[in-house]
Each structure stands twice: as structure tokens, then as C-alpha cells.
Amino acid sequence: MRMLKTLALLAAVAVAPAAHAAGEAIALPETRFSSDGMFGTFDRASTQRGFQVYREVCANCHSMRLLSYRNLLEIGLTDEQVRAVAADVQVQDGPNDEGQMFERPGRPSDRFRRSFANDAAARAANNGALPPDFSVITKAREGGARYIHALLVGYEDPPAGFAMGEGMYYNRYFPGHQIAMAPPLNPDQVEYADRTAASVDQMARDVALFLHWAAEPELEQRRQMGVKIVLFLGVLGVLAYGVKRRIWADLH
Amino acid sequence: MSIGLHKSEFSNPVIRWVDSRLPIFTMMQKEYGTFPTPRNFNYFWNFGALAMVTLMIMILTGVFLSMNYTAHTVYAFDSVERIMRDVNYGWLLRYVHANGASMFFIVVYIHIWRGMYYGSYKAPRELLWMLGVVIFLLMMATAFMGYVLPWGQMSFWGATVITNLFSAFPIVGSHIVTWLWGGFSVDNPTLNRFFSLHYLLPFVIAGVVFLHIAALHITGSNNPLGIDPKGPQDTIPFHPYYTSKDSVGLVVYFIVFAILVFFMPNYLGHPDNYIPANPMVTPPHIVPEWYFLPFYAILRAVPDKLGGVVLMFGSILVLFVLPWLDGSPVRSMRFRPVARIAFALFTLNFFVLLYVGGKPAEEPYVTISRIATAYYFAYFLVILPLLARLERPLPLPESIARAVLGRGGGPIPMAATAKPMEKA
């Protein structure tokens, strides 16, 4: 049995790093999020502030094509607020009876509107770089929300002798350290309705949490269900073991 | 075999009516009720049943996922995310299916490990073992094609790398690759045929599993001692003894499965697969899913492409001839002091291969992968054949009952000789 335990341990050790083998990541700062851990949830106030940061800052370049305005109900916006947010943008619809495309105010069922008509337009406006879509960004980056936060606060002067490309910015946490995105956040860039001080760190935390919610909107429901199922299975396991003992009792 | 109605022993008139025309109840009773099974299984003997259950989970979740999936390069990624967001419990279906693949391989690797440790591949179970290797190969093909379907970056580039392996074969290689792709690169025709085959192969697996179990029920199960049951005192009926024991293992298995699905659903996946496939951008490191890493390491251990491909396929094909490479008449490694150590090293070596398979192809990983590849093959082709001649096995116990109970037989439990239960 000891050999088995050793093997099980080895398996765990071998699989864990292997699964995330690619890319040597720089150690990210130990930021805590309300969504951390087995029972973490999305702090609604922070998530809503994060949406504000996304809407006022990030959305100028970054799309979130998989989200609809109606999804914002899940982070605690009221129906009126969602309708107002949606109506704030003009979306193209049509063709109408005359065969013409037309613009109308957005509805909750519309997907988040994209600032650029297409990828080429986005590149043209961004020094050739394509701002990635944010729908599942925390699932698509090693480190998730923690990485997003680190990236946003990770701008600094390049070390002496570091050759920078033209129009590039040095970022401590970006792979290769050269990022085409200018530092997007400045202190007090947004004005939070709840009067939270809008430091760069605070905005970065909020928007990272918002993006985490956007990538995994099922997270809270999933964890709640998981707790119930594991508890149920625990009880069932005890019963199954008891039954097995009873049945086997006459064999020994 | 005589023609005519089967003489059913069931008293329920409906069951009796059916059973005398189509004796499935008698068959179930014989194969899963009274089926004589060695009395000394340990919990490693759960894993065949666990694999069976996992196959059913995969087929069920897969059928429902496919109702909402669109096999087209433009829509595939978004349709998967639509399942995650807008389909009722779609996230649950998808995470169970995606993590189910990992669980399936964990279970099957342990199942194979158990077969190798306790010598379950030896006569008379060679064909049973070979059918198992066929299932393993089919699983690998199915899992590979399934991973392509979400059409993320790793889907696309994994498909590109793996299908390109066939180009290593001289003359016909490039034609095979074009034929596999259905075009001149991995594209929509590739995705379509992979989806079609990914839906088909699980049912082929189910068919081979049926043969695997049919063969098992001819030879009977091996056991941790590796000696044949010599009489009724050595066996117990499958039900209720092993149905109850399998239930315990199943619940524990489900707990592990649930923790993965509900609390760390993306732990075993690669973040790059949440980036939509882009033929113009190659990821810095292309790595397959974790369960392929040992074989990926063998592939990359050889500097020559064809050599690597041959060794990689060879590393699985060698399993087909394992029953004849290991000529030792002693099945269980409990009684093989030297082979036991060699096999422990083989197991360790497998994890080393898994580890280096996930690392970039640079030093020291290349050298480690070469040594590990050499040991992988040496175990099968050199160590086992040699040990069959040189090793002196420990004395085998006289019988299972004597080894388990410490006495020569003991009272036969009532249930072991009981008639088929009234309610089947």
C-alpha cells in the first residue's frame, strides 16, 4: 500500500505542472479576489464598478462579443439600468421593409456593441495590434483575473538596455514585456457612484473581477451545486460502505 | 444448442414469458448475478466498472452537447460558449464531458496498470488484454478529435501537429495528410469529419467493450494473487459482493469527479483553448492534453521525425504482444521480487515521460525524455523476457481461500451457493 501512496503522490506532482506546461510565467502579485477559493462569489459592488471601468475605458478598443446587455442583470443591475445601458448605444439592424439597414437604440437582448467594424479597423486604429476580445479573457490567460490585474498595474520604465519596439510599452507581467497597449488606467479616470477612490489598483481589481464574472457567469451556481453534490455523495459513500461491510460480513 | 423455448427459472410470469423467448434475464443472472468471482479482489478491481460508467456518462453528455454544437469553423467556438452561457445547465454538460475525458483516462490508466501489475494479460486472457488495447487506441483517437471540436487555439494547432505526424511516412505521407484533412490544411472539412468520427467512435468503443467483457466472462477474472480459483471456496457470486464493493468505489470516484467539475473545471485544460483558433498565430508551446503527454514525450525524444512517429505508435502497439514478451508463468508481481521493482520503475518512468512531455523541447528535458523512452521499451523488450528466464519467483499460495482466510476452505457462505434471487 505504501508503494501505491507514493505512486499517487507522484501522479499528482507530475500532472499538476504538466497540465500548464507551456510558457514560463512571471510570478504574479498575490492579489485577493472575492471570487477566490472554493466558496468565493462575485462581490456585486466591485463587479459593477468593474463594468463601469470596462464600459468607460476598455470598451473603446476591446469587444465582449459573447455577452448581451441582459447578462448584466446577473451582477445586480436593475432592469431599468440594463435598458438604459443598452439604449446608450446605437446598433445596426435591418433590413427594413425598404431593404435598408438602419440604426436603433440597443435592447437588453443585443450583444455588447463592438467599437470597431472589424478586425482590420481595430488594427488600423491600434498601431497594428488587435485588441483581444474580453468575453472569456480570464479563462484564456494563465493566472486569470490575477493576471489581468497585474497587467494593468504592471506598466513601468524598461530596464536599462532593454530594446523597445516603436510604439510599444514596457509591462512587467506581459509575456515578452512589450505590449502595444498604452497604460489604459490613470488615477480617477472614472468616477465611481459609490465614491470608492478610483486608484489604478482599485480600477484594475474591479475590472479584473468583472471580466472573471464575464468569463464564468455560472461560477456561483456551479460552486453551490458542487457543495450540495459532494455532501450528498459523502453521505451516500458512508451508506454504500456500510452496506458493503454488512454484505461481506459473512465472508470473514 | 437446441432449438426451442428456453427453460426459464424465473417465476414472475412476464419475466418468464420474455425470458423463455429471449433469455436476457437468465443471461444477466448468470453474468452479473451468480457469476463466480474470486473472493480476494482489492479496490483496483473497481476500475473496469468505473470505466464502463464513465463511457456511459461521456456518451450521454455528448449526445446532449451535440444538440447545441455547430461543427463549422466560424461557429464552433461560439456555439460552445453559447452552451456555457445560454443552454440550461449547458456548463454542467460541457464541464462533465471535458473533465470526463480526463477522468476516463485516469481510470483506464489505473485499469491498465492493475492488469500489468497482477499479470492479467497472461494466458488465458491474452485476447481480453488485446481487446483492451484496442479500446485504449480508440479512446485516444476519440479524445483527440473531441479536443478539436471547440476550435480553440490548442484544438487547431494540436490537430495540425498530430495529423502532420502522418507526413513522416515516406512517399504516401503527404497524401495521407491531405486525405485526413479533406483539403490542404486543417479547415472546415477537417472539423466536420472529426465531429462525425467523434460521434461514431464511442459506439465502436462500446462494441469492443462488449467483446472485452464477453471475453472476460469466458476466462473469468484474474485476482491479486494471480492464481486460478480451484473451487467454490475460492469464489463468490458477483452480486451482491462485488456490486456492493463497486458501489463504494463508484461513489468515491464520483466525489473526485465532482470536485474537478464543480470547483476546478479548467484545471486540466489549457488556457489557450479559450482563444478562438487562428491559423495565422502559432502558440508559443503546442502541448496536447495531459493524457497524451507520455506518448508525446516519446515522439519528441527522437531527433528523426519518422523515427519518433514509429516509436510513438510502437509504444502502444508493443502492448499487443506483451502477453508473449512476458513468458513468466507467475501472474501477480507480488510473487516476482525483481519484476516488481522493474515495474515500479516503469510506473515512475511513465510519470517522468508525462512530465517532460509537457515541457518545451530543450535541455535537460530532451535527455531525460530519451532515457525514459529507452527504459519504456527496455521494460517490455528486454527486462520482461529476461526475467521470465532468470527470476526466481516466491512460492505461490495453495489456494485463494487459504491465502485469504488462513485456512483451507472454511465454510462456504450461504450466498455463494444460493439459487438465483427471486426478483431479478
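Up top you'll find the structure we're talking about.
Residues numbered from 1 in each chain as written. Chains lettered and ligands numbered in written order. Predicted model: local features only at pLDDT ≥ 70, side-chain atom pairs only at ≥ 80, totals over all residues.

Q: Honestly, the overall build of chain A in this entry has me stumped. Any pointers?
A: On a plain count of helices and strands, chain A comes out with seven helices and four strands. Each helix and strand of chain A, placed in order from N terminus to C terminus, yields the pattern α-α-α-β-β-α-α-β-β-α-α. Computed over its C-alpha atoms, the radius of gyration of chain A comes to 24 Å, more than 25% above the 18 Å expected for a compact globule of 252 residues. Seen through its principal axes, chain A has C-alpha atoms that stretch 85 × 60 × 40 Å. The buried share of chain A, taken over its 252 residues, is 29%. (Helix = DSSP H or I, 4+ residues; strand = E, 2+ residues; numbered from the N terminus. Rg over C-alpha atoms; globule rule 2.2 N^0.38 Å. Buried ≥ 20, exposed ≤ 12 C-beta atoms within 10 Å, placed from the backbone.)

Q: Explanation requested: unusual backbone geometry in the structure shown.
A: Negative phi is the rule for most residues except glycine; trans is the rule for most peptide bonds. The omega torsion of the bond from Gly94 of chain A to Pro95 of chain A falls at 5 degrees, within 30 degrees of zero and hence cis. In this fold, Pro95 of chain A is placed in the loop between β1 (90–93) and β2 (102–105). The amide bond that connects Glu363 of chain B to the next residue, Pro364 of chain B, takes the cis arrangement and shows omega of 0 degrees. With respect to the secondary-structure elements, Pro364 of chain B resides in the loop between α14 (337–357) and α15 (365–390). Here Asn127 of chain A, not a glycine, exhibits a phi torsion of approximately 60 degrees, which is positive. With respect to the element layout, Asn127 of chain A can be found in the loop between α4 (119–125) and α5 (144–153).

Q: Any chance you could explain the interface of chain A and chain B here in plain terms?
A: Size of an interface, as often reported, equals the accessible area lost when the parts are brought together. With 40 residues of chain A at the contact, the number on the chain B side is 44 residues. Taken together, the residues of the side of chain A that touches chain B sort by class into 27 nonpolar, five polar and eight charged. (Contact = placed C-beta atoms within 7 Å. Nonpolar A, V, L, I, M, F, W, Y, C, P; charged D, E, K, R; others polar.)

Q: Before we go on, may I ask you to explain the packing of helix α6 (residues 126–148) of chain B against helix α9 (residues 188–219) of chain B in this structure?
A: When two helices pack together, their arrangement is given by the angle between the helix axes and by the axis-to-axis distance. All names here are of chain B. As a packed pair, α6 and α9 sit with axes 8 Å apart at the nearest point and diverge in direction by 160 degrees. Compared by their axis directions, α6 and α9 come out roughly antiparallel. Between α6 and α9 lies a crossing whose hand is left-handed. (Axes fitted to C-alpha atoms, helices over the stretch in contact; angles between N-to-C directions. Parallel < 35°, antiparallel > 145°, perpendicular 65-115°, else oblique. Left-handed = near helix turned anticlockwise from the far one by under 90°.)

Q: Honestly, the environment of Val309 of chain B in this entry has me stumped. Any pointers?
A: Residue and element names in this part refer to chain B. By the element assignment, Val309 lies in helix α12 (residues 305–317). Judged by local crowding, Val309 falls into the buried class, with 20 C-beta atoms found within 10 Å. Val309 sits 14 residues away from Phe295 along the chain, and the two C-alpha atoms are 9.8 Å apart. Among all residues touching Val309, those that are not within four sequence positions of it are Leu165, Ala168 and Leu299.

Q: What is the right way to read the packing of helix α7 (residues 219–248) of chain A against helix α10 (residues 238–263) of chain B from this model?
A: Two elements in contact, α7 of chain A and α10 of chain B, have axes separated by 9 Å at closest approach and are oriented at 165 degrees. Considering the angle they form, α7 of chain A stands roughly antiparallel to α10 of chain B. Here α7 of chain A and α10 of chain B pass one another in a crossing that is left-handed. Counted by class, the contact of α7 of chain A with α10 of chain B contains 21 nonpolar, five polar and four charged residues.

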